[in-house]
Amino acid sequence: MQEAIDRLRAEGLSRIAQADSPDALESVRVGLLGRKGELTGLLRGLKDVSDDQRPAAGAALNQLKLELTAALENRTGDLAGAGAGSMDLDLTLPGRAPVQLGTAHPLLSVLEEICDIFYGMGYDRGDGPEVELDYYNFTALNFPDDHPARDIQDTFFLNEDMLLRTQTSPVQVRTMERVQPPLAYVFPGRVYRNENADASHSSEFYQIEGLRVDRNISLVDLRETVNAFIASFFGGERQTRFRPHFFPFTEPSVEVDMECVKCSGKGCGVCGQTGWLEIMGAGMVHPNVFKAAGYPDDAYTGFAFGMGIDRIAMLKYGIDDIRLLYENDLRFLNQFRGVL
Ligand code: PHE
């Protein structure tokens with residue numbers, strides 16, 4: 001038996017080495033390991049070997065099978081490698097599946113689109129920290145010490161002085177500390193509020209703040225800027241209206257509504273049958289904010305506005321649940337492939 005095994009090893013390995021095409025190699029494989037192959041024949045012959053020699057013969061046959069299999073695999077690899085240099089392989093054939101490229105997240109695309117519109121109006125872009133001092137998020141923005149927005153229910157406090165910013169407005173003060181008017185900036189970024197998540201609330205979301213300061217800036221400038229932005233972003237002439245509101249850091253303060261994107265003012269589910277959609281908070285910079293920034297008394301006026309990027313993206317693309325923007329479900333994200 002041992003002799004037969006040694007002979008088959010020598011012959012088998014040499015036949016494998018001599019096979020010069022995948023087809024030739026396949027017939028060598030069948031001849032050795034196939035159902036009627038030589039190795040298979042030896043394995044069948046095991047039953048005729050005496051009891052005391054059978055275990056050693058079986059082990060030797062298994063070992064041979066492993067060796068032959070490995071040699072066949074190697075030779076398959078060699079023949080494929082050689083083929084790559086021949087004309088059988090067309091390296092210019094396109095791949096089978098279309099290559100999936102990544103795309104920007106819809107929130108990021110909308111953020112950049114909004115910034116681009118303001119760059120067109122001469123605005124710069126600024127930035128500030130998400131982990132913010134209570135001073136910039138509230139005190140410098142003229143929030144009284146007992147203002148409810150400071151309440152632990154709305155704000156994630158990190159300690160007595162530090163918090164996760166609840167709005168992008170603190171970047172107004174940080175910027176005015178560094179930059180003298182005239183200035184015009186947008187400040188996009190992430191903000192945090194201690195909210196329970198539902199279709200329209202998330203504990204993290206995005207805002208974009210605008211700030212323009214110069215001599216003799218008026219509410220009319222704010223109105224023209226807002227209207228130009230809305231016409232550019234949502235397209236067409238849309239009615240807007242300013243409703244009186246309150247923010248500690250602007251005086252007067254307004255909320256800006258625009259004609260509903262869905263029903264154009266007739267009233268529908270998106271606008272709660274009012275025909276109007278609230279789109280941003282805004283107002284004239286409060287003198288106490290200029291004071292906190294270190295600007296001289298009465299030298300400048302300015303306007304500021306802040307809007308939720310998530311909300312704008314949802315309105316523009318008819319997304320009805322803010323959580324979709326944070327779950328990164330590819331079935332959702334893929335709908336924006338090539339759209340944005
Ligand atoms: N910071 C305000 C908010 O988060 C929005 C705002 C910004 C209002 C600038 C007026 C001026 O609701």
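Coordinates for the structure precede this section.
Now for a look at the structure at hand. (Residues numbered from 1 in each chain as written. Predicted model: local features only at pLDDT ≥ 70, side-chain atom pairs only at ≥ 80, totals over all residues. Heavy atoms only, no water.)

## Side note on the pairing of strand β9 (residues 301-308)
Which entries qualify depends on this criterion: Classification of residues uses two cut-offs on accessible area relative to the type maximum, computed with a 1.4 Å probe and protein chains only: under 20% is buried, over 50% is exposed, and between them is partly exposed. Secondary structure is summarised from DSSP: a helix means a run of H or I of at least four residues, a strand means a run of E of at least two, and numbering begins at the N terminus for each. Pairing between two strands is assigned when DSSP locates at least 2 bridges connecting them.
The element β9 is extensively covered by neighbouring structure, given that 6 of its 8 residues are classed as buried. Both strand β8 (residues 276-285) and β9 contribute to a ladder of 4 bridges, which runs antiparallel. Of the residues in β9, the one forming a bridge with Ala-282 is Phe-305.

## Focus: the site of the ligand
For clarity, the threshold we go by: Working definition: residue near molecule or strand if any one of its non-hydrogen atoms lies within 4 Å of it. For this analysis, a polar contact is any N or O atom pair within 3.5 Å, provided that within protein one partner can donate a hydrogen and the other can accept it, and provided that sequence-adjacent residues contribute only side-chain to side-chain pairs. Note on areas: Shrake-Rupley with a 1.4 Å probe; residue coverage comes only from the protein chains shown. Three residue categories are used. Nonpolar comprises Ala, Val, Leu, Ile, Met, Phe, Trp, Tyr, Cys and Pro, charged comprises Asp, Glu, Lys and Arg, and polar comprises the others, including Gly.
Every one of the 14 residues lining the ligand counts as a neighbour, but Gln-167, Ser-169, Arg-193, Gln-207 and Glu-209 are closest to it. Here a nitrogen atom of the ligand and a side-chain polar atom of Gln-167 are 2.8 Å apart. Taking Ser-169, its side chain carries an N or O atom lying 2.9 Å from a nitrogen atom of the ligand. In isolation the ligand offers 330 Å² of accessible surface; the protein chains occlude 89% of this area. Breaking the shell around the ligand down by element, the ones donating at least two residues are β5 (204-214), β8 and β9. The dominant element in the shell around the ligand, judged by the number of residues it contributes, is β9, at 3 residues. Residue composition of the shell around the ligand, by class: 5 nonpolar, 7 polar and 2 charged.

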